[in-house]
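Analysis of the macromolecular model
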Amino acid sequence: MHQRSVQTILRNRLRRLQSRQNASVEDFPRSSLVIRRLKSTSSPADAPVAPGFIFDIDGVLKIGEKVLPQGHKALQILSGDNKLSRRFPFILVTNGGGISEEERCYKLSRELGIELSVDQLIQSHTVFREQAKNFGDKPILIVGGTGHSCREVARSYGFKKVYTPHDLLAWRQELWPFKSLTENDEKSVQRVDFSQVPFSAIFVFHDSRDWGFDTQIMLDVLMSPDGTVTTWRDPEAEWTQQVPVFFSNPDLLWGNDWPEPRLGQGAFQEAFRAVWRRTSGRELEATTGGKPTKLTYQHAERLLLAQANHPDILPPGGRQVQKLGPTFMIGDNPFSDIAGANAYGLSSILVRTGVFRGKDNHAEHPATTVQPDVLAAVRWALKKELGEDIV
Ligand code: G3P
Ligand code: MG
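One structure accompanies this document, and this report is about it. Position numbers for residues count from 1 along each chain, tracking the sequence in the order it is written. Note on labels: chains are lettered from A, ligands numbered from 1, in written order. Only residues with pLDDT of at least 70 are given local features in this predicted model, and only at 80 or more are side-chain atom pairs given and counted; all residues enter the totals for whole chains, interfaces and linings.

**What to know about the sheet that holds strand β12 (residues 286-288)**
- Taken in spatial order, the five strands line up as β7-β6-β8-β9-β12 in an open sheet, and their pairing is parallel. Two strands in the sheet have a free side with no partner beyond their single neighbour: β7 (161-163) and β12. Along the sheet, successive strands turn relative to each other by an average axial angle of 25°, direction set aside.
- Whether two strands pair depends on DSSP finding at least two bridges between them. What counts as a helix is a DSSP run of H or I of at least four residues, what counts as a strand is a run of E of at least two, and both are numbered from the N terminus. Bridge count between strand β9 (residues 245-247) and β12: three bridges; the pairing is parallel. Its bridge partner lying in β12, Phe-246 is registered against Thr-287. To obtain each axis, a line is fitted to C-alpha atoms, and for helices this fit is confined to the stretch in contact; angles are then taken between N-to-C directions over 0 to 180 degrees.

**Side note on helix α5 (residues 149-157)**
- All of the buried residues along α5 are Cys-150, Arg-151, Val-153, Ala-154 and Tyr-157. Along the axis of α5, the buried positions cluster into a sector of 160°, meaning they face one direction only.
- Residues of α5 that are buried in the fold lie against α4 (132-135), β6 (139-143), β7 and β8 (201-204).
- A positive phi of about 110° marks Gly-158, the residue just after α5. A residue is called partly exposed when the number of other C-beta atoms within 10 Å of its own lies between 12 and 20, exposed at 12 or fewer, and buried at 20 or more, with C-beta atoms placed from the backbone. The directions from the helix axis to the C-beta atoms form the arc being described. Contact between two residues is assigned when their C-beta atoms, built from the backbone, lie within 7 Å.

**Re the environment of Leu-222**
- Counting through the fold element by element, Leu-222 comes out in helix α8 (residues 211-222).
- The exposure class assigned to Leu-222 is buried, which follows from the 25 C-beta atoms found within 10 Å.
- Spatially, the C-alpha atom of Leu-222 lies 9.9 Å from that of Ser-200, the residues being 22 residues apart in sequence.
- Setting aside residues up to four positions removed in sequence, Leu-222 forms contacts with Gln-241, Val-243 and Trp-276.

**Things to note about the site of ligand 1**
- Contacts to ligand 1 come from 13 residues, most closely from Asp-58, Thr-94, Asn-95, Gly-96 and Asp-251.
- Residue classes follow a fixed rule: Ala, Val, Leu, Ile, Met, Phe, Trp, Tyr, Cys and Pro count as nonpolar, while Asp, Glu, Lys and Arg count as charged, and any other residue, Gly among them, counts as polar. Of the residues that constitute the shell around ligand 1, the class distribution is two nonpolar, eight polar and three charged. Nearness rests on one distance test: the residue's C-beta atom, set from the backbone, must lie within 6 Å of the molecule or strand.

**Here's the deal with the nonpolar core**
- A set of buried Ala, Val, Leu, Ile, Met, Phe, Trp, Tyr and Cys residues, joined through C-beta atoms within 7 Å, is what we mean by a nonpolar core. The biggest cluster of nonpolar side chains holds 58 residues, and the ones touching the most others in it are Phe-53, Phe-55, Ile-91, Ile-330, Ile-349, Val-374 and Val-378.
- Sorting elements by how many residues they give to this core places helix α10 (residues 294-308) first, with seven residues.
- Sequence-distant contacts of Phe-53, that is, excluding residues within four places in its chain, are made with Leu-78, Phe-88, Phe-90, Phe-328, Ile-330 and Val-378.
- Phe-135, Leu-169, Val-221 and Val-229 belong to the second largest nonpolar core, which has 36 residues in total.

**A look at the environment of Ile-142**
- Looking at the secondary structure, you find Ile-142 in strand β6.
- Taking the C-beta count within 10 Å as the criterion, Ile-142 has 26 such neighbours and is therefore assigned buried.
- A C-alpha to C-alpha distance of 6.8 Å links Ile-142 and Val-162, two positions 20 residues apart in sequence.
- Not counting residues up to four positions away in its chain, the partners in contact with Ile-142 are Cys-150, Arg-151, Ala-154, Val-162, Thr-164, Phe-203 and Phe-205.

In structure tokens, the structure reads:
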């Protein structure tokens with residue numbers, strides 16, 4: 001597709017996303033539903049509520065850049081390609097991010113061959129949108145991701161004064177003399193006198209691309225009594241941390257196409273906590289989003305419920321439901337996907353295509369069942385709920 005038309009589609013989708021803070025049945029446009037092409041089957045009005053599915057992405061639907069054929073098939077089955085021509089609500093919940101929900105949806109739709117709506121996707125930083133109420137008009141430091149894409153994401157959430165470590169380096173090279181801005185960085189940095197900018201919060205949107213540099217700048221902001229980087233507290237004196245810190249996910253490890261798991265944002269958090277402890281003599285106070293936190297699972301429940309109540313999914317004459325039917329979280333990471341699902345009272349299915357490769361169930365966070373891959377997981381869940389294999 002021509003580059004310009006892709007950008008136009010993304011821009012239009014972004015506008016729709018920005019106008020939608022919380023999904024409800026009304027907010028869920030018929031045209032955005034992947035299942036809209038299929039006619040409802042003849043489930044009676046008092047039929048049990050259809051099972052719903054939450055999919056992790058990395059290590060479940062995708063391995064690195066490659067889409068697993070089992071993932072493609074599993075989503076097709078839930079979209080109506082089954083013996084009953086029946087559709088089932090599903091959403092994708094990833095601890096990844098770094099781009100807008102609109103852009104991720106557009107990419108995933110093309111990769112998976114399924115038209116996804118933004119109301120079917122939660123990224124790790126999606127829950128940061130709520131914080132625009134508190135910090136929308138105040139300066140914030142955002143960390144992580146490639147280039148300046150997270151600044152755009154933060155702005156789309158309603159944060160108006162968004163700065164990155166690169167902006168600070170453009171102001172004073174001495175802040176981190178080991179790094180030079182690239183030509184591209186030079187074009188997109190904000191040129192500001194940071195002695196006059198009291199940061200009100202730090203948001204780690206995505207994986208740090210330069211741990212040392214990001215650690216230094218976060219430390220500068222946190223050690224300041226008023227959030228400006230030109231002042232530095234005495235660690236020996238009495239004080240408490242003024243600037244709140246938000247991490248978008250706690251994943252120590254994640255799975256891609258390398259045979260062993262890779263370090264994630266949780267590893268950066270561990271490293272930063274250790275540096276902070278040694279420098280300030282205090283424990284870092286921080287809030288972490290993404291899986292396994294309740295905040296992310298609550299949001300997932302809202303989106304799934306809105307989908308379950310949409311006319312295209314409700315059986316003919318079916319009643320609106322206030323509560324979800326049986327819900328299955330399919331993930332590869334026991335510490336995020338499975339721990340979160342178990343704590344939230346969902347059924348959990350651990351697959352062996354990503355972080356987890358164990359023979360038996362995970363000892364600390366055992367899933368309801370362990371299956372070889374996402375297709376086996378969906379078939380297992382459907383058979384359990386419907387009593388027959390509908391594939
Ligand atoms: O934490 C890294 C992230 O890419 C993991 O993504 O989809 O497995 O939650 P996911
Ligand atoms: Mg995963």
